[in-house]
Amino acid sequence: MPTRTELESMLTRLWSEKLNITPVGVEDDFFALGGDSLLAADLLMDLYERLGVEIDAAVLFLKPTIAELVDEVLAA
């Protein structure tokens, strides 16, 4: 599924950088694409640095798609 918002676009670019995979869709699972706990921590640190949003690591494990993560970022 293509991105619908600027936030989704930014997250797909970030995931693509971290996972070294293109394309990344908003319904793709971070861990199914090859992500692991170390990459997840790195990704969450980048989210904090770029957006000032602190997301608990458990959230990414429970909501491993960009479509799901966007809601958490917007709520933080």
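Residues numbered from 1 in each chain as written. Predicted model: local features only at pLDDT ≥ 70, side-chain atom pairs only at ≥ 80, totals over all residues. Heavy atoms only, no water.

**Q** How should the UniProt feature "domain: Carrier" (unreviewed entry) in the protein be read in this particular structure?
**A** According to UniProt, the feature "domain: Carrier" (unreviewed entry) maps to residues 2–76 in the numbering used here. In the segment residues 2–76, helix accounts for 60% and strand for 0%; the C-alpha atoms at its two ends are 24 Å apart. (UniProt positions renumbered as here; feature names shortened; annotations may be inferred. Helix = DSSP H or I, 4+ residues; strand = E, 2+ residues; numbered from the N terminus.)

**Q** I keep staring at the pattern of salt bridges and nothing clicks. Help me out?
**A** Here the idea is simple: oppositely charged side chains can pair when their charged atoms come close. Within the structure shown, the criterion is met by 6 salt bridges. The shortest N-O distance in the salt bridge between Arg13 and Glu6 comes to 3.3 Å. Taking the relative accessible area as the measure of exposure, Arg13 reaches 43% and is therefore partly exposed. Among the charged side chains, a salt-bridge network with shared partners connects Lys18, Asp42 and Asp46. (Salt bridge = Lys/Arg side-chain N within 4 Å of Asp/Glu carboxyl O. Buried < 20%, exposed > 50% of the residue type's maximum accessible area, 1.4 Å probe, protein only.)

**Q** For this particular structure, what's the right way to read the nonpolar core?
**A** Here is a general trend for soluble globular proteins: nonpolar side chains tend to be buried in one another's company. Counting 22 residues, the largest nonpolar core has Trp15, Leu47 and Leu69 as the members making the most contacts within it. Put simply, the parts of the chain that give this core at least two residues each are helix H1 (6–19), helix H2 (37–51), helix H3 (57–62) and helix H4 (66–75). At 6 residues, H1 tops the list of elements feeding residues into this core. Each residue touching Leu69, except ones within four places of it in the same chain, is listed here: Trp15, Leu47, Ile55, Val59, Leu60 and Lys63. (Core = buried A, V, L, I, M, F, W, Y, C linked by side-chain atoms within 4.5 Å. Contact = heavy atoms within 4.5 Å.)

**Q** Just checking my understanding: could you explain the environment of Pro64 for this structure?
**A** By the secondary structure assignment, Pro64 is in the loop between H3 and H4. Considered as a pair, Pro64 and Pro2 are 62 residues apart in the sequence and their alpha carbons are 17 Å apart. Every residue in contact with Pro64, bar those within four places of it in the chain, is listed here: Trp15, Asp28, Asp29, Phe30 and Phe31.

**Q** It is not clear to me how the side chain of Ser16 should be interpreted in this structure. Could you clarify?
**A** Its place among the elements puts Ser16 in helix H1. When its relative accessible area of 15% is taken as the criterion, Ser16 is described as buried. From its side chain, Ser16 meets the backbone oxygen of Ile21 in a polar contact 2.6 Å long. Not counting chain neighbours up to four residues away, the residues in contact with Ser16 comprise Ile21, Thr22 and Val24. (Polar contact = N/O pair within 3.5 Å; in protein donor to acceptor, adjacent residues only side chain to side chain.)

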